[in-house]
Amino acid sequence: MSIEMRMLVWSVALGLVQIALAAAGSMTQRGLGWAAGPRDQPGPPLTGVPGRLDRARANFLETFPFFVALVLAVLALSRQNAHTALGAQLYFWARLVYVPVYAAGIPYVRTLVWAVSIVGLILLLAALF
C-alpha cells in the first residue's frame, strides 16, 4: 500500500475518532436525552472543550474531501513521488496534532498546524499539474 493510501486510511480513522470525541463532548453538555432525542430544535451552543472538539471536527470535514480527491487522483494517474508522500503525511500528521491543540485552546499554534495541513494538500495538488 502506498504511503498516500496509508495516510488516507489513517485519516478516515482520525475522522471517525473526531466524530466520536465531538459527540461525547456534546453529550456531556447537552445530556443523553438531547443526544437520543429527535433534535427538532438546535441544542444549546457548545462551550469550552466540547465546543472546540466540535469545531475541530467540522474543520476536518471541510478539508478532508479535498484530501480524498487529491490522493485518489494522484494514485489513479500514477503521479506518486516523494512530494506526494510528504504531502499526504503532512496532511495526516497536522490534522492529528490539530485536535489536541484546538481542544486545548492554543491560539496561533492551531493556525500554524492547520497551515501545515494545507501545505500537504498543495504538495498533492502540485503533482497533478
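In what follows, the accompanying structure is described. Just so you know, the residues in each chain are numbered from 1, in the order the chain's sequence is written. With the structure being a predicted model, the display of local features is reserved for residues of pLDDT at least 70 and the display and counting of side-chain atom pairs for 80 or more, all residues being used for whole-chain, interface and lining totals. Note that water and hydrogens are dropped before the side-chain values are worked out from all heavy atoms of the structure.

## Digging into helix H5 (residues 109-126)
Phase 1 of the analysis: Think of it this way: any DSSP run of H or I at least four residues long counts as a helix, any run of E at least two long counts as a strand, and we number them from the N terminus. Helix span, expected: 1.5 Å multiplied by one less than the number of residues in the helix. A rise of 1.5 Å per residue sets the reference length of H5, with its 18 residues, at 26 Å; its end C-alpha atoms lie 26 Å apart and thus fit the reference within 8%.
Phase 2 of the analysis: Inspection of H5 places Val-113, Ser-117, Gly-120, Leu-121, Leu-123 and Leu-124 among the buried residues, and these make up the whole buried set. Along the axis of H5, the buried residues cluster in a sector spanning 160°; they form a single face. Every exposed residue of H5 that faces more than 90 degrees away from the buried side is listed here: Leu-112 and Ile-122. Accessible area is worked out with a 1.4 Å probe on protein chains only. A residue is then buried under 20% of its type maximum, exposed over 50%, and partly exposed in between. Note: the arc covers the axis-to-C-beta directions of the helix.

## Overview of the packing of aromatic side chains
Phase 1 of the analysis: Note on aromatic pairs: the rings of Phe, Tyr and Trp (six-membered ring only in Trp) are paired at centre separations within 6.5 Å, and the planes decide the class, stacked below 30 degrees, edge-to-face beyond 60, tilted for the rest. Applying the stated criterion across every chain yields a total of five aromatic pairs.
Phase 2 of the analysis: Here the aromatic rings of Phe-60 and Phe-64 are separated by 5.0 Å at their centres, their planes lie at 20°, and the arrangement is stacked. Residue Phe-60 and its partner Phe-64 are located together in helix H3 (residues 48-76), separated by four residues, close to a single helical turn. Of the two residues, Phe-60 and Phe-64, both sit in the buried class.
Phase 3 of the analysis: Judged by centre distance (5.4 Å) and plane angle (85°), the rings of Tyr-98 and Tyr-102 are edge-to-face. Of the two residues, Tyr-98 and Tyr-102 are both situated in helix H4 (residues 82-104); the distance of four residues between them amounts to about one turn of the helix. Accessibility classification places Tyr-98 together with Tyr-102 in one group, the buried group.
Phase 4 of the analysis: A connected cluster of aromatic rings, assembled from ring pairs, spans Phe-60, Phe-64, Phe-67 and Tyr-91.
Phase 5 of the analysis: Sitting over a ring, as applied to charges here, requires NZ of Lys or CZ of Arg to be within 6 Å of the ring centre and within 35 degrees of the ring normal. In this arrangement the basic side chain of Arg-95 is found over the ring face of Tyr-98, its NZ or CZ atom lying 4.4 Å from the centre.
Phase 6 of the analysis: Above the face of the Tyr-102 ring, Arg-110 is positioned so that its terminal group lies 4.6 Å from the ring centre.

## A few points about the nonpolar core
Phase 1 of the analysis: Among the buried residues, those of types Ala, Val, Leu, Ile, Met, Phe, Trp, Tyr and Cys that are joined through side-chain atoms within 4.5 Å form a nonpolar core. In terms of nonpolar packing, the biggest core is built from 19 residues, with Phe-64, Phe-67, Val-71, Tyr-91 and Leu-124 touching the most fellow members.
Phase 2 of the analysis: Of all the secondary-structure elements, those providing two or more residues to this core are helix H1 (3-30), H3, H4 and H5.
Phase 3 of the analysis: Ranked by the residues each element gives to this core, the list is headed by H3, at eight residues.
Phase 4 of the analysis: Excluding anything up to four places from it in sequence, Val-71 contacts Glu-4, Met-5, Leu-8 and Leu-124.
Phase 5 of the analysis: If you look at the next biggest cluster of nonpolar residues, it comprises five residues, including Ala-56, Tyr-98, Tyr-102 and Val-113. Note on contacts: a residue pair is in contact if any heavy atoms of the two residues lie within 4.5 Å.

## Focus: unusual backbone geometry
Phase 1 of the analysis: At Ser-78, a residue that is not glycine, the phi angle is positive and equals roughly 50°.
Phase 2 of the analysis: Structurally, Ser-78 is set in the loop between H3 and H4.
Phase 3 of the analysis: Phi angles above zero are rare outside glycine, and Tyr-108 is one such case at about 70°.
Phase 4 of the analysis: Along the chain, Tyr-108 turns up in the loop between H4 and H5.
Phase 5 of the analysis: We classify Tyr-108 as exposed; its relative accessible area is 73%.

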